[in-house]
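Observations on the three-dimensional arrangement
If you want the building blocks of each chain, they are given just below.
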Amino acid sequence: KAGVTQTPRYLIKTRGQQVTLSCSPISGHRSVSWYQQTPGQGLQFLFEYFSETQRNKGNFPGRFSGRQFSNSRSEMNVSTLELGDSALYLCASSTGTGGGTDTQYFGPGTRLTVL
Amino acid sequence: AQSVTQLGSHVSVSEGALVLLRCNYSSSVPPYLFWYVQYPNQGLQLLLKYTSAATLVKGINGFEAEFKKSETSFHLTKPSAHMSDAAEYFCAVTPSGNTPLVFGKGTRLSVIA
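Attention in this report is confined to the structure presented alongside it. Note that the coordinates shown come from a computational prediction; the quantities given were computed from them, not determined experimentally. Sequence order sets the numbering: in each chain, residues are counted from 1 along the sequence as written. The naming scheme follows written order: chains are lettered A onward, ligands numbered 1 onward. In view of the model being predicted, local features appear only for residues whose pLDDT reaches at least 70, and side-chain atom pairs are presented and counted only at 80 or more, with totals across whole chains, interfaces and linings using the full set of residues. Only hydrogens and water are set aside; all other atoms, that is, all heavy atoms of the structure, feed into the side-chain values.

1. Details of the side chain of Ser 72 of chain A
Residue and element names in this part refer to chain A. Put simply, the test is: Note on conventions: DSSP H or I runs of at least 4 residues are helices, E runs of at least 2 residues are strands, and numbering of each starts at the N terminus. The rule is simple: take the accessible area with a 1.4 Å probe, protein chains only, and divide by the maximum for that residue type; under 20% is buried, over 50% is exposed, in between is partly exposed. Any pair of N or O atoms that falls within 3.5 Å is considered a polar contact. Within protein, one atom must be able to donate a hydrogen and the other to accept it, and sequence-neighbouring residues count only if both atoms are side-chain atoms. Should any heavy atoms of two residues lie within 4.5 Å, those residues are considered in contact.
Position of Ser 72 among the secondary structure elements: in the loop between strand 7 (64–68) and strand 8 (74–78). Residue Ser 72 is classed as buried on the basis of its relative accessible area, which comes to 12%. A polar contact is formed between the side chain of Ser 72 and the backbone oxygen of His 29, at a distance of 3.2 Å. Leave out the neighbours within four places in its chain, and Ser 72 touches Pro 25, His 29, Arg 30 and Val 32.

2. A closer look at the interface of chain B and chain A
Counted only if it meets this: The term buried area refers to how much accessible surface (probe radius 1.4 Å) is lost by two components on association, counted for both of them together. Here a salt bridge means any side-chain nitrogen of Lys or Arg lying within 4 Å of a carboxyl oxygen belonging to Asp or Glu. Following the grouping adopted for this structure description, the nonpolar residues are Ala, Val, Leu, Ile, Met, Phe, Trp, Tyr, Cys and Pro, the charged ones are Asp, Glu, Lys and Arg, and the polar ones are all others, Gly among them.
Each partner contributes residues to the interface: chain B has 19 residues there, and chain A has 26 residues. Together, the buried faces of chain B and chain A total about 1,700 Å²; carbon and sulfur atoms form 52% of this surface. The tally of links between chain B and chain A comes to zero salt bridges. The tally of links from chain B across to chain A stands at six residue pairs in polar contact (both at pLDDT 80 or more). Secondary structure elements with two or more residues in the side of chain B that touches chain A: strand 5 (32–38) and strand 6 (44–50) of chain B. If you tally residues by element for the side of chain B that touches chain A, the top one is strand 5 of chain B, at four residues. Classifying every residue of the side of chain B that touches chain A gives nine nonpolar, eight polar and two charged.

Below, the structure is given as structure tokens:
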């Protein structure tokens, strides 16, 4: 079974621009979560989508948004980029059903650099 | 609220030596606990998870972890380190399978030949 894929793998943007990252979950998984990883803050939860609805949201400004499509693929968007948005953005997919059988599987990430 | 503390941001061991990476958690309900590994320029790979079925959990690549409720710990061990084990290791907790993972700050493991 194919794993979680993320595109693009690397991205360079300038301050003020916006960016869209894409994530394709494992086949059959309905939940997609996004995390931001930085050296200073570590891994922080952004949001989770389940069956096209945002189910959980982390403590990030409104510049960070996401959506999920009917095929469970997800995108996240960051508008008005700031230097501090430079990070590795990780996507994780799971069945979303909860309980001990549910596990989040991560993609390789998108490395965003804001200049 | 859940939280995870990983003691030691960097651990260095000799090849063939015991690996011990420490993780303590805080949770108001019985948690699900995970260890993930991250190699340079890659995403997170699941090593093992605790879901209350057994307190000693065996994972991939020879790693195992023991859940100790009285100590609120979930330390990761491997009897004999290999050069390929050099990576960053993250402990994570969630109160249920459909809530966000809360990660520790990570421990970078170096293996010396």
